[in-house]
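Architecture and fold: a report
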Amino acid sequence: MTIHLSIVLFLPLATGLIGAFLPRGMARWAVLAGTLAVLAYAIVLVADFESGAGGLQYVTDDEWISELGIRYQLGIDGLNLFMVVLTAVAWVACTLVAAFTEHDRPKLFFFNLALGETAVLGAFLAQDLALFIVFFDLMLIPFYFMIGGWGTGERVRATTKFVIYTLAGSLLMLAAAIALGVLSTPDGGEISFSLAELEERSVSEGTQHWIVLLFALAFFVKAPLFPLHGWVPETYRASPIVTIALLSAVLSKVGVYGFLRIVLPVMPEGSQHWQELFIVVAVFSILYGSVLAFSQDNVRLVVAYSSIAQLGFIVVGIFALDDKGAQGAVFQMLNHGLVVVPLFLVIGVIAARAGGRESLSELGGLAFRAPVLAALFLILTFATLAMPGSANFVGEILILFGAFEDKLVYGIVASVGVVLAAVYMIRVFQRTMHNREGPAAESREIDGLNLAAVAPLVAVVVALGLYPNFVVQRTETSTTAAVDEARGVAEEVAER
Amino acid sequence: LSATGYGWLVLAFPVAGMLIVSFGWRVLPGRLPGWIASAAIFGSFLASLGMLDKVDAEAHVDSAWTYAATGDFVADLSILVDPLSVFMCLVVSGVSFLIHVYSVAYMGGDRGYARYFAYLNYFVFSMLLLVLASNFLVLIVGWAFVGAASYLLISFWYRRSTATYAGIKAFVMNVIGDVGLVVATFLLLNETGSLDYAGVFAGAEETFTENDGTLVAACLLILVGAFAKSAQLPLHTWLPDAMEGPTPVSALIHAATMVTAGVYLIARMFPLFELAPTAADISAIIGTATLLFAATVALVVTDLKRVIAYSTISQIGYMVLGVSVAAYGAGLFHLMTHAFFKALLFMGAGSVIGAMAGTQDLDRMGGFRRAMPFTFITFTIGALALAAFPFTSGFFSKDEILSYAIERGGGFVVLAVIGYLAAFLTAFYAFRMVFRVFFGEPVPEAHELEHGHVAHGEPMNPMTGESEDTDVGFPGPEHHVAERSWPMKAAMGPLALLALIGGVVGVPALTDTLEHFLEPTFEESRYAEVHPSAGTEWAELGIGSVISIAGISMAYVIFVRRRGITLRLRDRFAAVHDFLAHKWYFDELYDAVFVRPFTGAGSFGRRVIETDFVQGFIVGGATGVVRAGTSFARAIQTGYLRAYALLLLLGVGAIALYFLLASS
């Protein structure tokens, strides 16, 4: 079956542009239709995808800027298949909620939303380093406008920080990418940014060290990990709820995905060199994010800091340089995204019940007249804290097993994070849903719109918990291949 | 149907019940949700009987689908049907069914009626999944699910701050146990290459020598899981607080079933523990320490439900001792009889608490003998079994554990002696409850009840004295049921009978039904031949009888004949009493060692690291650099953001240019 990834990729942007020419109220429907079409495409992809086959499928490969060796190369394998699905699902849910909410300048908002989807899909699909960077930086633009234009509170300060952080990261990565392309060009050969080509070529070990570090800085900012998370609190607080849901669920994954797609296969020695440091940073992020999540009063910030901890787990899995760890990381990228989107939508509902306030000390008792809301939130809480029986647990246990394999101590410290997650997530559930009603809270059932967006996602979360192997069997081959070389290097070093 | 076919049915019924009740909560009228849930559990019980009919010496494994498989990490969603799991299923579904029936009346007026039964069905499903699991992953799933169900039911009356707090405490303790199990699972997978019980046990025989360090570590981690769930030292503090949940929940989860999961786990893992005798010995010592500790606390606690809770901790200590000294049959025998009499005691307590309009304080109770004859009789039967009074069920099961411990000889004799000492305390505190609740002058509530009026006191939280809002569940206008409802009696009657005569399946030398039934599971045990002779066992039963009767008599003297003496004793031994009444200061210790440092780290992180370091140093530094650039940029009339981007771009351009030049 021929599936043209370019269609998937540019469909959202096209609908955004079409929306610009439609009457004011119609743009949202065009964009929503676009996200639905992408979702349909993504489902077909999953159904059609060949699990056992290694390598890329549905490849598109054209010349783009031949002078610089940049190609327009797209493809799907086990690494990005479910990232595309996650993007499609998240955008449908968020666009649906946004479509029924009033916005100023709706055309512009929905255009940004659509552009965002194209950018993220591009970053996930790109098989050329330069193309990846183009889309990686393109992501920044719509989100900059959405937070700055439709955010609340100190949005200017927030966007400034957000942009400075991300831009600094991106530019470092750009420099690193150029260096990588140039330095890996063999004598008399032509420069190339194609990832497949870069894997074949090699750069010296010393060079790999600093190139990996620059990539890592960019990806850690995006993830985010401690101490590069300075943009997080204000951005999360100021963003519109759908924007922050997408940022946390999908954009945060692009960075860690970059490790598996680019850094590990292309620079295995460099990856191994920093393995220890990155694991330490990630483990510290787990503990730090968890402790901070526990001490936050703002509901959004609890989830924000919990994301730092969760992304820490994912990075631990990746830099365990082990099949199981990477497998868990890839799975957890999907799981975290699938849980965070409905989690933020529920937080939006909760805030709406409390006159826009999100402070735990003012909330409470919401379960009283809203059993459906409470039940949905409960399932999401359990999934977020990776309770056994959820797909998140399978992801986490694979990550931990990968880390235990030869970084036992870090693995054990990381498992403290599992306990801490239980503490802060149950605390949020209790402080919002249980106890007596807080001063600002009014217990009311979830509205039909949010129910329509949240319930299917919760159903997906439950279904994945029942049959996680659906994902695991499709991602296994590519994941193993992605860490294969770096693992080999690590084993060699261990022997020495 | 095959044995495993029935096994799947055992699991399917409660799931169906849960789904029907939770999706139909708005349309199902009156008490129907409760009856549907009860019927579901009865279905499970019947299916368990089906398994009993089909089960043989073989272990039957059946897999539904591959749960997760990557590399050597292969786990199916599969169940294991062997005598041990059939036995557990029968106990769990049987007792659960009776408690469901009891709840139909007890929770009848509660606002969260349907929610309650959905949770309860979910719990039973989880517990059955736990005992039917055939690999470590499914075990962990069931293990965590029962923890979650326990959390939901402890904080069922979620308007009470004490209930939600207790729920969190229980949940977190349980998660600590889960993590222990996860790490143990890793160690075992790593060494044996399997997640299935069969594979791990077979692999362990080959890989490990006796007391291999890794194996001992794995066993100790398994014990962390077991002790967290079974409320053994030092992970016991959540269980007394768990009494915040509705009383039938205390009966079902926090006495009869879930908290005994640790005992089941140790028994299930016996091939590992026998290869790691050090871990088994530690387990036996902790079990013994716990049984003594909890018995001493139960002497002084004045909250009726908490007395029974400490008694539960203590009795599980006996079971842990049993399975740790390889007396698997005896430990599981006690698990069963304890499920009967402890569930019965809780049901009786629920009845009394109902009559007291929610008050649980022993100091305010008395003289209910005539007001509630049915509860009096059944509660006394429960107390007799708990006190191991001759020929009750607990008599045979508790003494069998101690006989085995003596038979093992050496240090185990010391443990058995401590067991006998605690047995005396047990008989004493069991009848302290009976005498204080049912004897003496009737309190006003008992008087009223004798005239047919159920007390309707101002509903208040017994722990904090806060008044409760009655329209939101606790305690609900129709909450005060006090044995007036037939389903309560219908549940208590059979349990009383079982508590009385449940010992018949294990009378030394006469009937060894249970032991014989479980034999196939434990035939590989290296201690299979260790068995006290019938003569010794009967001699030790004689000792047990004396101890039991002595304890009851002493309680009679102190609480009935010379009632004033208790206050004098308390004053005389004020220091001891304080120490016991503070439950050996465990809560205070944990607060100082774990809770405060953790919250301290939280606020330190928030105030110092976030504000000063991340926002101040890193962000401030970055913006400082930007500002410096801006003052230059302002001169050329640009916004600082654009200037910053431009500067960076120029810088990167320069780097890029350098490399392009360098490479050519």
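In this text the structure is predicted, and so the values were computed from the model without any measurement. Throughout this description, residue numbers start from 1 for each chain and increase along the sequence as written. Ligands are numbered from 1 and chains lettered from A, in the order in which they are written. Totals for whole chains, interfaces and linings use all residues, but because this is a predicted model, local features are given only for residues with pLDDT of at least 70 and pairs of side-chain atoms are given and counted only at 80 or more. The basis for every side-chain value is the complete set of non-hydrogen atoms in the structure, without hydrogens or water.

Details of the overall build of chain A
Here a strand is any run of E in DSSP of at least two residues, a helix any run of H or I of at least four, and the numbering for each starts at the N terminus. The secondary structure content of chain A amounts to 18 helices and 2 strands. For the C-alpha atoms alone, the extent of chain A along its principal axes is close to 70 × 55 × 45 Å. Throughout, exposure labels follow a simple rule: accessible area from a 1.4 Å probe, protein chains only, divided by the maximum for the residue type, with under 20% read as buried, over 50% as exposed, and the rest as partly exposed. The buried share of chain A, taken over its 496 residues, is 69%. Accessible surface computed for chain A: about 14700 Å², of which carbon and sulfur atoms make up 63%. Between the mean site of the 26 positive side-chain charges and the mean site of the 40 negative ones, chain A shows a separation of 15 Å. Reported accessibility uses the Shrake-Rupley method at a 1.4 Å probe radius. Residues are deemed covered only where the shown protein chains occlude them. By the counting rule applied here, Lys and Arg register as positive and Asp and Glu as negative, while His and the ends of each chain are not counted. Working definition for charges: the position is that of NZ of Lys, CZ of Arg, CG of Asp or CD of Glu.

Digging into the overall build of chain B
Secondary structure assignment for chain B yields 26 helices and 2 strands. The buried share among the 664 residues of chain B stands at 61%. Contacts are assigned to residue pairs that have any heavy atoms within 4.5 Å of one another. Long-range contacts, defined as pairs at least 24 residues apart, comprise 80% of the intrachain contacts of chain B with a sequence gap of at least 6. For chain B, the exposed surface amounts to about 23500 Å²; the carbon and sulfur share of it is 66%.

Here we look at the pattern of salt bridges
What makes a salt bridge here is a side-chain nitrogen of Lys or Arg within 4 Å of a carboxyl oxygen of Asp or Glu, nothing more. Enumeration according to the criterion identifies 18 salt bridges over all chains in this entry. The partner of R71(A) in a salt bridge is E63(A), with the nearest N and O atoms 3.8 Å apart. The class of R71(A) is partly exposed, set by a relative accessible area of 25%. Between R436(B) and D363(B) there is a salt bridge; the shortest N-O distance is 2.4 Å. Residue R436(B) is found in helix 18 (residues 411-438), and its partner D363(B) is found in the loop between helix 15 (328-355) and helix 16 (373-386); the two are separated by 73 residues along the sequence. Residue class for R436(B) comes out buried when judged on its relative accessible area of 17%. Among the charged side chains, a salt-bridge network with shared partners connects R160(B), K169(B), D241(B), E244(B), D303(B) and R306(B).

Section: the packing of helix 5 (residues 129-150) of chain A against helix 10 (residues 241-266) of chain A
Residues and elements named next belong to chain A. An axis is simply a line fitted to the C-alpha atoms; with a helix, the fit covers only the stretch in contact. Between two such axes, the angle follows the N-to-C directions and lies from 0 to 180 degrees. Closest axis-to-axis distance for the helix 5/helix 10 pair is 12 Å, and the angle between their directions is 165 degrees. With respect to helix 10, the element helix 5 is oriented roughly antiparallel. At the point where helix 5 passes helix 10, the crossing takes the left-handed sense. Together, L129, F132, F136, M139, F143, M146 and I147 of helix 5 and T243, L246, L247, L251, V254, Y257, G258 and I262 of helix 10 make up the contact between the two elements. These descriptions rest on fixed angle ranges, namely under 35 degrees for roughly parallel, over 145 for roughly antiparallel, 65 to 115 for roughly perpendicular, and the rest for oblique. A crossing counts as left-handed when the near helix is turned anticlockwise from the far one by less than a right angle, and as right-handed when that turn is clockwise.

What to know about the nonpolar core
A general trend in soluble globular proteins is that nonpolar side chains are found buried together. Among buried residues, the Ala, Val, Leu, Ile, Met, Phe, Trp, Tyr and Cys ones that are joined through side-chain atoms within 4.5 Å form a nonpolar core. Of all hydrophobic cores here, the largest spans 437 residues; its most connected members are F132(A), F215(A) and F368(B). The element contributing the most residues to this core is helix 10 of chain A, with 18 residues. If we ignore the near neighbours within four places in the chain, the residues touching F215(A) are L129(A), M173(A), A176(A), A177(A), L180(A), I262(A), V263(A) and M267(A).

Some remarks on the pairing of strand 1 (residues 60-70) of chain B
Residue and element names in this part refer to chain B. Only strands joined by at least two bridges in the DSSP assignment are considered to pair. Note that strand 1 and strand 2 (residues 73-81) share 9 bridges and pair antiparallel. Bridge assignment links A68 to a residue of strand 2, and that residue is A75. Taking the residues between adjacent antiparallel strands as the criterion, strand 1 and strand 2 are bridged by 2 residues, where G71 takes a positive phi near 60 degrees.

Regarding the side chain of Q310(A)
Along the chain, the position of Q310(A) falls in helix 12 (residues 299-319). For Q310(A), the contacting residues outside a window of four places in its chain are Q332(A), H336(A), T384(A), E396(A) and Y424(A).

A closer look at the confidence of the model for chain B
Residue and element names in this part refer to chain B. Taken over all residues, the pLDDT of chain B has a mean of 81, while the share at 70 or more is 85%. Residue range residues 471-478 is modelled with pLDDT below 50. Its contacts to residues more than four positions away, or to other chains, number 24 contacts. Scoring of the predicted complex yields 0.89 for pTM and 0.90 for ipTM. pLDDT is a residue-level measure of predictor confidence that goes from 0 to 100.

Structural notes on a nonpolar patch on the surface
Residues enter patches when their relative accessible area tops 30% and they take part in no salt bridge; the joining distance is 9 Å for like charges and 5 Å for the nonpolar side chains Val, Leu, Ile, Met, Phe, Trp and Tyr. Taken together, the side chains of I379(A), V462(A), L466(A), Y467(A), F470(A) and W65(B) present a nonpolar region at the surface, about 480 Å² in accessible area. With respect to the element layout, V462(A) can be found in helix 17 (residues 448-466).

Concerning the packing of helix 3 (residues 83-106) of chain B against helix 4 (residues 113-132) of chain B
Residue and element names in this part refer to chain B. The interhelical angle for the contact between helix 3 and helix 4, taken along N-to-C directions, is 170 degrees, at an axis separation of 9 Å. Taken together, the axis directions place helix 3 and helix 4 in an arrangement best described as roughly antiparallel. Within the contact between the two elements, helix 3 uses S85, M88, C89, V92, S96, H100, S103 and V104 and helix 4 uses Y113, Y116, F117, L120, N121, V124, M127, L128, V131 and L132.

A few points about the packing of aromatic side chains
Pairing of aromatic side chains here covers Phe, Tyr and the six-membered ring of Trp, requires ring centres within 6.5 Å, and sorts the geometry by plane angle: under 30 degrees stacked, over 60 edge-to-face, intermediate tilted. Under the defined criterion, the tally for this structure stands at 54 aromatic pairs over all chains. When the centroid spacing of 5.1 Å and the interplanar angle of 65 degrees are considered together, the rings of F270(B) and F522(B) count as edge-to-face. With a gap of 252 residues between them, F270(B) in helix 12 (residues 270-275) and F522(B) in helix 21 (residues 513-522) connect regions that are remote in the sequence. Classification of F270(B) by relative accessible area gives buried; the value is 6%. Take F522(B): its relative accessible area is 9%, and that puts it in the buried class. Aromatic rings pair up to connect F132(A), F136(A), F215(A), F219(A), F220(A), F259(A), W274(A), F278(A) and F319(A) into one cluster. The ring of F136(A) is capped by K222(A), whose NZ or CZ atom sits 4.8 Å from the centre of that ring. The ring centre of F294(A) lies 5.2 Å from the NZ or CZ of R427(A), which sits over that ring. A positively charged side chain is recorded as over a ring if its NZ (Lys) or CZ (Arg) lies within 6 Å of the ring centre. The angle to the ring normal must also be within 35 degrees.

Examining the environment of G317(A)
All names here are of chain A. Mapped onto the elements, G317 comes out in helix 12. As for G317 and A329, which are separated by 12 residues in sequence, their C-alpha atoms are 5.1 Å apart. Apart from residues lying up to four places away in sequence, G317 is in contact with G325, A326, A329 and I399.

Observations regarding unusual backbone geometry
Following A223(A), the chain continues into P224(A) via a peptide bond in cis, with omega recorded as -10 degrees. A cis amide bond links L233(B) to the next residue, P234(B), at an omega of -5 degrees. Of note, P234(B) is situated in the loop between helix 8 (213-230) and helix 9 (238-241). The backbone of N211(B) shows a phi angle near 60 degrees, a positive value even though the residue is not glycine.

A short note on the side chain of T207(A)
The topology assignment puts T207(A) in helix 8 (residues 205-222). Counting of polar contacts relies on pairs of N or O atoms within 3.5 Å, with two restrictions inside protein: one atom must be capable of donating a hydrogen and the other of accepting it, and residues adjacent in sequence are counted only when both atoms are side-chain atoms. A polar contact of 2.6 Å, which involves the side chain of T207(A), links it to the side chain of S204(A).

Thoughts on a negative patch on the surface
All names here are of chain B. A grouping of E205, E206, D512, E519, E523, E524 and E529 is seen on the molecular surface, where their side chains present a negatively charged patch. Relative to the elements of secondary structure, E519 occurs in helix 21. Classification of E519 by relative accessible area gives partly exposed; the value is 44%.

Structural notes on the environment of R568(B)
Within the secondary structure, R568(B) is located in helix 23 (residues 565-572). Through-space distance from the C-alpha of R568(B) to that of Y197(B) is 56 Å; in sequence the pair is 371 residues apart.

Focus on the pairing of strand 1 (residues 57-65) of chain A
Residue and element names in this part refer to chain A. Pairing of strand 1 with strand 2 (residues 70-76) involves 6 bridges; the strand directions are antiparallel. Among the inter-strand pairings, E63 is bridged to a residue of strand 2, identified as R71. The hairpin turn running from strand 1 into strand 2, its antiparallel successor, is 4 residues long, and G69 in that turn takes a positive phi close to 70 degrees.

Some thoughts on the environment of L108(A)
All names here are of chain A. Tracing the chain through its elements places L108 in helix 4 (residues 106-125). The exposure class of L108 is partly exposed, given its relative accessible area of 42%. Along the backbone, L108 and G149 are 41 residues apart, and their C-alpha atoms lie at a distance of 9.7 Å.

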